[in-house]
Amino acid sequence: MSALVSIRDLTVTYRRDGNVVAALKNISLDIVAGERLAIIGESGSGKSTLALAIAGLLPASSAVGGRIEWPGLGRAPLLGRDIGFVFQDPSASLDPVMTIGKQIAEVARTHLGLTWSQAYAKAKTLLERVRLPDPDSALHAFPHQLSGGQKQRVAIAAAIAAGPKLLIADEATSALDTIVQAEIVALIRHLVAEDGMTLLFISHDIALAAQLAERIAVFRHGQLVELGTTARIVDAPTQAYTRTLLDAHIGLDAAPLLNRAGLSA
Amino acid sequence: MSLLAVSSLTKRYRRGGKTVIAVDDVSFHIEPGETLALAGPSGSGKSTIARLVLRLIEPDAGAIEFESDDFLALRGATLRARRARLQMVFQDPLAAFNPRATVARVLEDPLRIHGIASRTERPRRIAALLERVGLAADLAPRAIHEISGGQRQRVAIARAIATRPSLIVLDEAVSALDVSVRGQILDLLLDLQRKERIAYLFISHDLGVVRAVAHRVILLDAGRIAESGDARAVIDAPQSAIGKALVAAAPRLKGTTQDAS
Amino acid sequence: MSPIRRFLRTPEAVAGAILLAALIAMALIAPLLFPGDPQAIAGPALLPPFQDWSLPLGTDRLGRDVLAELFHGARTSLAVGLAAAAAALAIGSVVGTLAGFAGGVVDEVLMRITDAFQTVPSFLLALAFVSVVGPSLGIVVIAIALGTWPGPARIARAEVLSIRERDYVASARAIGMHPLEIAFREVLPNALPPGLAMSSVIVAAAILTEAALSFLGLGDPNRVTWGGMIAEGRAVLRTAPFLSIIPGIALVLTVLGVYLAGEGIVETTAVRRGLS
């Protein structure tokens, strides 16, 4: 149980129209090397801020207190090389006027020191690994020619191109429909296992998190409410808020809300 | 007599020289006070059907009968007047309101357009509508972008019920809400249905929610009806390929094999 | 930070605002400072500036007070510039909104008319219009607006085409709002900002067009204009260049002031829109 990332007393505040807004308050958390950790919370919980803080992507207007250390790395991490980041909206993270192949090859070339032809060969392998249909022609395709799910596969390929230690998926499946979401979650699980990556999975969906993660951290209003193994969080939450989130999940086995007697058909 | 009867509805789009059939020969009906859910993956045509039923877009073929009238034959002022009976709530309440609007203006529009309340009477009616959806009346002067997502969706529902409709199309109306808010909004919708006998065309990709709130469900795949029937019966034992895939893909809190891939 | 404070922290914007404020002050106090007809003879002809402190900027060929003319000319420039720009923006926004919102035949017809106006150089159009109808302040305003509205119309149309597809327009249709009310109450106000961003350029161009028309003798003959002053001074350009240079400098500073202040407003409001 060695920590890849060690977060101590992390506080992040934003300035908005003269007011100081705290997005994260005194967060202390270890991300264990090789684990799949889910961060769940509702809007305004600070879960995305945490992901951005770990990746060093916070906007310049934010003030950061506390420490984020990388004992598992022994040096400062490099985004793209040590951290792969998958955003919610693949259309926004992919360059619309650059071919898929070039976008992935560029990551491999920059961080692995490959030549362009080696990098393109690597890009093709990666497109095969993310199970994009017809990787040969996809290399020369542009993002707008792909569906939302396919674009997210490309974004994942680019994120893992340099063989990062940590893969961060920030609501990476929220914009996709249920079937594609399940496929992408299965893909992430498979890739993480194959490459021995550590996964930080940010989601608002506690059921989705429970399916993928070994541990779950529950956030609310910028604070860490509860952290534990998935089984413990789902079966025996200690905090009322976690209980509320679990109860609010409407699964396929949930009791119907509908009073059918009300319908006079 | 059905409240809404849709038969052989078809809508094609031309995209880059190719014709895409978004809705292909779809027929269904909704009874007063009933919730019919449309579910399916993205691109299955559920939102297109919603917009066709509301006559926000026009079909290429088919018929829509609403409250015993040929809804597609209505034009101009007659159509606008009839819209009072058929309302809609969108997925993203922020996008569904004019960014410059206040809560009061959003609720005043339907009252004014359909002559439901005189100018002097409107503030009282707006307060009553806000109260009906569980909001404080003093929210009225606030700007839409200032209030929370859950409050906004309640305002959207208040706007939809302002004209006393018999049918409300809910296009992913709870999908963008936080889970803790989602339950409250669903409770509100069911309460309105019970008391005012409003029917819902409930469009959602979330089978769990569909199973919990709908009487009947239609599963769509590539613009066609793949399967339909009693919501719980269909979702508990889907027969179609798309139904099986949707059920298998729904996230589950328990009973999942942690390390299968 | 409020937009006003942000505006005040932008040096170019402040410089522009100061220039504009000075110009507006000139226009407002002109009748107080120089009551009576600025075109009346006030002293000896062709008196150079800074010689006689009752006539600080000297006199022109007919012995009229240059300073008084300058102050009264500010009124004309400002009035014509603002009125022409406002008219161009109003016509352009309405035409662009109707075209974008209605689509189909209406769009085709309106946009072909826009094309027709845009293919004729706007200055020639103004020149021809004033020559035919005759010079007066109102006609000059219309003449300038006539050549300027296609720009804002195109911008408004492009914006409306994108707004038309938004949910709140669908929502307005779903509650049964009349199409004209949707176009002018829901769509137009949200389509205006990009057109308004152009307003500083339009005002500056309108002021220059007015000056050019006056220079050619097509301005309102009953009013002092800077363009007319430059034209007057042209005859004695070698012996008394100040007669052309002084109104020329006034024009440059005015256009610069309008442009800088306008850019400042656009910049500060754009930042605010980007943040929220």
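Structure: see above.
Values in this document were obtained by computation on a predicted structure and should not be read as measured data.

Let's talk about the sheet that holds strand β2 (residues 19-32) of chain A
Backbone hydrogen bonds are what pair the strands of a sheet, in a parallel or an antiparallel way.
All names here are of chain A.
Then comes step 1: Across the sheet, 3 strands lie side by side as β2-β1-β4; this open sheet has antiparallel pairing. Each end of this open sheet is capped by a strand with a single partner; those strands are β2 and β4 (62-69). Each strand of the sheet is rotated relative to its neighbour by a mean of 5°, with strand direction disregarded.
Then comes step 2: Two strands pair when backbone bridges link them, and strand β1 (residues 3-16) and β4 are joined in this way by 7 bridges, in the antiparallel orientation. Residue pairing in the sheet places Tyr-14 in a bridge with Ser-62 of β4.

Topic: the packing of aromatic side chains
Residue and element names in this part refer to chain A.
Then comes step 1: Within this structure, the stated rule accounts for 5 aromatic pairs over all chains.
Then comes step 2: Ring geometry for Trp-116 versus Tyr-120: centroids 5.9 Å apart, planes at 40°, classification tilted. Taken together, the residues Trp-116 and Tyr-120, both in helix α4 (residues 116-129) and 4 residues apart, mark about one turn of the helix.
Then comes step 3: With a relative accessible area of 32%, Trp-116 lands in the partly exposed category.

Focus: the sheet that holds strand β1 (residues 4-15) of chain B
Residue and element names in this part refer to chain B.
Then comes step 1: Strand order in this open sheet of 4 strands is β2-β1-β4-β5, and the pairing throughout is antiparallel. For this open sheet the edge positions go to β2 (18-30) and β5 (69-70), each flanked by a neighbour on one side alone.
Then comes step 2: Where β1 meets strand β4 (residues 61-66), 5 bridges bridge the pair, whose relative direction is antiparallel. Within the sheet, the bridge partner assigned to Val-6 lies in β4 and is Ile-64.
Then comes step 3: Of the strands in this sheet, β1, β2 and β4 are in contact with helix α1 (residues 46-53), which crosses β2 at around 65°.

Overview of the pattern of salt bridges
Then comes step 1: For the structure on display, the rule yields 44 salt bridges over all chains.
Then comes step 2: For the salt bridge of A:Asp195 with A:Arg129, the shortest nitrogen-to-oxygen distance reads 2.8 Å. With a gap of 66 residues between them, A:Asp195 in helix α7 (residues 178-195) and A:Arg129 in helix α4 connect regions that are remote in the sequence.
Then comes step 3: The class for A:Arg129 is partly exposed, based on a relative accessible area of 24%.
Then comes step 4: C:Asp60 is the salt-bridge partner of C:Arg64, the closest N and O atoms lying 3.0 Å from each other. A single burial state applies to C:Arg64 and to C:Asp60, both of which are buried.
Then comes step 5: Members of the salt-bridge network, linked through shared partners, are B:Arg105, B:Asp109, B:Arg112, B:Arg159, C:Glu181, C:Arg185 and C:Glu186.

Analysis parameters
- Residues numbered from 1 in each chain as written.
- Chains lettered and ligands numbered in written order.
- Predicted model: local features only at pLDDT ≥ 70, side-chain atom pairs only at ≥ 80, totals over all residues.
- Heavy atoms only, no water.
- Pairing = 2+ DSSP bridges.
- Helix = DSSP H or I, 4+ residues; strand = E, 2+ residues; numbered from the N terminus.
- Axes fitted to C-alpha atoms, helices over the stretch in contact; angles between N-to-C directions.
- Phe/Tyr/Trp six-rings, centres within 6.5 Å; stacked < 30°, edge-to-face > 60°.
- Buried < 20%, exposed > 50% of the residue type's maximum accessible area, 1.4 Å probe, protein only.
- Contact = heavy atoms within 4.5 Å.
- Salt bridge = Lys/Arg side-chain N within 4 Å of Asp/Glu carboxyl O.

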